[in-house]
Structure formats: C-alpha cells, structure tokens
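Take a look at the letters that make up each chain.
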Amino acid sequence: MAKRKGKKTDEQPMFFSAYNYKMIGFAIFLIVGGFTAMYLENEVNGFISLFISPIVIMAGFVLVIFAIMKHDRDEDTSTNTG
C-alpha cells in the first residue's frame with residue numbers, strides 16, 4: 001500500500017462566496033421564523049397565520065434560490081487572469 005506524502009498542496013476554491021452563504025443563512029432564518037410565527041399564533045384563521053407567515057416563508061425560499069443562482073463575476077475574472 002502506498003503512503004501519502006504530506007497534505008495536498010493544491011487548494012480548490014470554495015463553490016460559493018461568503019456573500020452566498022450569508023444569504024442562505026438569512027433565508028433559513030426567514031423560513032424558520034415564518035413557521036415559528038405561525039406556530040406561536042396557534043390559530044388557524046389568524047392574521048399572522050394566513051397572511052404574514054406565508055409571505056415570510058416564500059421570501060425565504062425565493063432568497064435561497066437567488067443565493068444559489070447568484071454568481072459573482074468580479075471574483076471569476078480576478079482568478080482567471082494571468
């Protein structure tokens with residue numbers, strides 16, 4: 001069996017930037033917050049359960065999709081020069 005010599009020196013870049021991860025984190029916060037608000041009202045026909053929470057939850061899902069699809073073009077051009 002061959003032994004490895006040290007660690008790999010070639011580093012792979014991260015798939016997403018820090019901005020994307022922050023947006024995904026905020027979107028998860030919106031989704032959890034929307035479901036929590038719906039649970040805390042504890043009423044089927046309440047104003048928050050029918051109007052506010054679904055809007056907050058859908059905004060969270062849209063933000064997740066946007067964060068995944070967002071691509072920073074400035075970062076891509078700076079790594080490929082040379």
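Look above for the structure.
A short tour of the structure in this document, coming up. Please read all numbers here as calculations on a predicted model, not as lab measurements. (Residues numbered from 1 in each chain as written. Predicted model: local features only at pLDDT ≥ 70, side-chain atom pairs only at ≥ 80, totals over all residues. Heavy atoms only, no water.)

## A few points about a nonpolar patch on the surface
Then, number 1: On the surface, Phe47, Ile48, Leu50, Phe51 and Ile52 cluster together into a nonpolar patch covering about 470 Å² of accessible area.
Then, number 2: For Phe47, the location among the structural elements is in helix α2 (residues 47-69).
Then, number 3: Residue Phe47 is classed as exposed on the basis of its relative accessible area, which comes to 55%. (Patch = residues over 30% accessible without salt bridge, like charges linked within 9 Å, V, L, I, M, F, W, Y side chains within 5 Å. Areas by Shrake-Rupley, 256 points an atom, 1.4 Å probe, with all protein chains shown as cover. Salt bridge = Lys/Arg side-chain N within 4 Å of Asp/Glu carboxyl O. Helix = DSSP H or I, 4+ residues; strand = E, 2+ residues; numbered from the N terminus. Buried < 20%, exposed > 50% of the residue type's maximum accessible area, 1.4 Å probe, protein only.)

## Here's the deal with the environment of Pro54
Then, number 1: Tracing the backbone shows Pro54 in helix α2.
Then, number 2: Measuring from C-alpha to C-alpha, the distance between Pro54 and Met38 comes to 8.6 Å, with 16 residues separating the pair along the chain.
Then, number 3: The residues touching Pro54, leaving out its near neighbours within four places in the chain, are Ile48 and Ser49. (Contact = heavy atoms within 4.5 Å.)

## Here we look at the packing of aromatic side chains
Then, number 1: Summed over the entire model, instances satisfying the criterion amount to four aromatic pairs.
Then, number 2: The interplanar angle of 70° and the centroid separation of 5.0 Å between the aromatic rings of Phe15 and Phe16 together place this pair among those described as edge-to-face.
Then, number 3: Classification of Phe16 by relative accessible area gives buried; the value is 17%. (Phe/Tyr/Trp six-rings, centres within 6.5 Å; stacked < 30°, edge-to-face > 60°.)

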